[in-house]
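A look at the structure
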Amino acid sequence: SSKQDQPNPILIDASGKVTYTEQVPEIAQEPNYDAASVQRAASQLAEAGLPARLMIDFSHGNSSKEFRRQLLVGENVAAQIASGDERIMGVMIESHLKEGRQDCVPGAQLEYGMSITDACIGWEDTVPLLERLAAAVRERRGHQAQASA
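Attention here is on the structure that accompanies the text. (Residues numbered from 1 in each chain as written. Predicted model: local features only at pLDDT ≥ 70, side-chain atom pairs only at ≥ 80, totals over all residues. Heavy atoms only, no water.)

With that settled, the discussion passes to the overall build of the protein chain. Broken down by element type, the protein chain carries three helices and six strands. Walking the protein chain from its N terminus toward its C terminus, one meets helices and strands in the order β-β-α-β-α-β-β-β-α. With 149 residues in all, the protein chain has 28% of them scored as buried. For the protein chain, long-range pairs separated by at least 24 residues make up 59% of all intrachain contacts whose partners lie at least 6 apart in sequence. Total accessible area on the protein chain stands at roughly 9,300 Å², and carbon and sulfur atoms take up 53% of it. (Helix = DSSP H or I, 4+ residues; strand = E, 2+ residues; numbered from the N terminus. Buried < 20%, exposed > 50% of the residue type's maximum accessible area, 1.4 Å probe, protein only. Contact = heavy atoms within 4.5 Å. Areas by Shrake-Rupley, 256 points an atom, 1.4 Å probe, with all protein chains shown as cover.)

Right, here's the structure in full:
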């Protein structure tokens, strides 16, 4: 089977060059989750002969490295899904039991449930966000059912 048949993520740079990768790249320097950005990415995938199936990172460049902004990103993406956009097939959320992050300092006790890497939203924000995304998927499925009826 060809590399194109594999489910590995791909990277499409601004020039349209397609690179297959084993990891999801973190390349966004500015937010790229809005409907116009989704359309642009889907068009680039189509031009490369690839399916327009996108996973949107709520963190990193899309939240301007402010972990609480993931909730705003999530609401925007949920609205796109709820309106029927079938190109969005998944999301990445920086989430942990407790919000924020902590440094791992030798000799210092770590706070249980808090990230030592990227700052995360806490469980109390994660649950409603996941519920909102699930509701959006159910709404999208309703659009699909109406279209096929």
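So much for the structure itself; the text now carries on.
Before going further, it helps to spend a moment on the packing of helix α2 (residues 70-82) against helix α3 (residues 123-148). With their axes 8 Å apart at the nearest point, α2 and α3 run at an angle of 15° to one another. Taken as axis vectors, α2 and α3 run roughly parallel relative to one another. Our pair here, α2 against α3, has a crossing hand that is left-handed. Listed contacts from α3 to Gln70, Leu71, Gly74, Glu75, Ala78, Ala79, Ile81 and Ala82 of α2 are Asp125, Leu129, Arg132, Leu133, Ala136, Val137, Glu139, Arg140 and His143. Class assignment of the residues belonging to the contact of α2 with α3 gives a composition of nine nonpolar, three polar and five charged. (Axes fitted to C-alpha atoms, helices over the stretch in contact; angles between N-to-C directions. Parallel < 35°, antiparallel > 145°, perpendicular 65-115°, else oblique. Left-handed = near helix turned anticlockwise from the far one by under 90°. Nonpolar A, V, L, I, M, F, W, Y, C, P; charged D, E, K, R; others polar.)

Within the largest apolar cluster, 18 residues are counted, with the highest numbers of intra-cluster contacts made by Ile56, Phe58, Val77, Ile81, Ile88 and Leu133. Mapped by element, the contributors of at least two residues to this core are α1 (35-47), β3 (54-57), α2 and α3. Setting aside anything within four residues of it in sequence, one finds Ile88 in contact with Val38, Leu54, Ile56, Val77, Gln80, Ile81 and Arg140. (Core = buried A, V, L, I, M, F, W, Y, C linked by side-chain atoms within 4.5 Å.)

Moving on, we come to α3. When the terminal C-alpha atoms of α3 are compared, their 37 Å separation across 26 residues agrees well with the 38 Å that a helix rising 1.5 Å per residue should span. Among all positions of α3, only Thr126, Leu129, Leu133, Ala136 and Arg140 are buried. Buried-residue contacts for α3 involve α2 and β4 (88-92). (Expected span 1.5 Å × (residues − 1).)

Here four bridges tie β3 to β4, and the two strands are oriented parallel to one another. Looking at β4, one finds that Ile56 is bridged to Val91. You can see the chain leave β3, run along α2 and come back into β4, and the turn it takes is right-handed. (Pairing = 2+ DSSP bridges. Right-handed = clockwise from strand over helix to strand, strands pointing away.)

Right, let's get into unusual backbone geometry. Its identity as a non-glycine residue notwithstanding, Ser64 has a phi of 50°, on the positive side. Within the element layout of this structure, Ser64 appears in the loop between β3 and α2. For Ser64, a relative accessible area of 40% gives the class partly exposed. The backbone phi angle of Lys65 is positive, close to 60°, even though this residue is not glycine. By the secondary structure assignment, Lys65 is in the loop between β3 and α2. Judged by its relative accessible area of 63%, Lys65 is exposed.

Here we take up the side chain of Gln80. By the secondary structure assignment, Gln80 is in helix α2. Aside from chain neighbours lying at most four places away, what touches Gln80 is Tyr33, Asp34, Ala35, Val38, Asp85 and Ile88.

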